[in-house]
Amino acid sequence: DTLSFTFEVIPKPKEELEAPGDGVYIYGLNIEGAHWDFDRGVLTDATPGEMFAEFPVLYLLPQQNYVPDPADYQ
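Residues numbered from 1 in each chain as written. Predicted model: local features only at pLDDT ≥ 70, side-chain atom pairs only at ≥ 80, totals over all residues. Heavy atoms only, no water.

Student: Which parts of the structure should I look at to understand the packing of aromatic side chains?
Tutor: Describing an aromatic ring pair means giving the distance of the ring centres and the angle of the ring planes. As enumerated under the stated definition, the model contains two aromatic pairs in all. Their ring planes at 45° and their centres at 5.2 Å tell us that Tyr-25 and Tyr-59 sit as a pair that is tilted. Taken together, the residues span a long stretch of sequence, with Tyr-25 in strand 2 (residues 24–26) and Tyr-59 in strand 7 (residues 57–64) at a distance of 34 residues. Overall, Tyr-25 belongs to the partly exposed group, its relative accessible area being 25%. Ring geometry for Trp-36 versus Phe-55: centroids 5.2 Å apart, planes at 65°, classification edge-to-face. Here the residue Trp-36 occupies a position in strand 4 (residues 34–37), and Phe-55 occupies one in the loop between strand 6 (52–54) and strand 7, the gap between them amounting to 19 residues. (Phe/Tyr/Trp six-rings, centres within 6.5 Å; stacked < 30°, edge-to-face > 60°. Helix = DSSP H or I, 4+ residues; strand = E, 2+ residues; numbered from the N terminus. Buried < 20%, exposed > 50% of the residue type's maximum accessible area, 1.4 Å probe, protein only.)

Okay, here's the thing in structure tokens:
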């Protein structure tokens, strides 16, 4: 009950990544109604005519007794 995950968006292609020492990489996710700007590292409005956009690799890192920053979006 004390285990949570923090995450980090990884701007590299999955082929350039090696297995992490702790945690897991997740890839193959898509975004509906938005677009990930790889240059700026932020979500932007969807490209016209694009229903689904590729989301970058996510790195999930387990944290015990993790308390999120109150300023972060939950």
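Student: Would you explain the confidence of the model for the protein in this entry?
Tutor: Close reading of the predicted structure is inappropriate where its pLDDT is low. When pLDDT is averaged along the protein, the result is 90, and 99% of the positions lie at 70 or above. Of all the helices and strands in the protein, strand 1 (residues 3–10) carries the lowest mean pLDDT, 89, while strand 2 carries the highest, 95. (pLDDT = per-residue confidence, 0-100.)

Student: Help me out: how do you make sense of the nonpolar core in this one?
Tutor: Taken as a class, soluble globular proteins show a tendency for nonpolar side chains to be buried jointly. One finds Ile-31, Ala-34, Trp-36, Phe-55 and Leu-58 forming the largest nonpolar core, which totals five residues. Not counting chain neighbours up to four residues away, the residues in contact with Leu-58 comprise Phe-7, Glu-8, Val-9, Val-24, Tyr-25, Ile-26 and Leu-29. (Core = buried A, V, L, I, M, F, W, Y, C linked by side-chain atoms within 4.5 Å. Contact = heavy atoms within 4.5 Å.)

Student: I keep staring at the pairing of strand 4 and nothing clicks. Help me out?
Tutor: Taken residue by residue, a regular strand's side chains alternate between the two faces of the sheet. Pairing analysis gives four bridges linking strand 4 to strand 5 (residues 42–45), with the strands arranged antiparallel. Following the sheet pairing, Trp-36 is matched in strand 5 by Leu-43. Counting the residues in the hairpin turn of strand 4 and strand 5 gives four residues, including Gly-41, whose phi is positive at 70°. (Pairing = 2+ DSSP bridges.)

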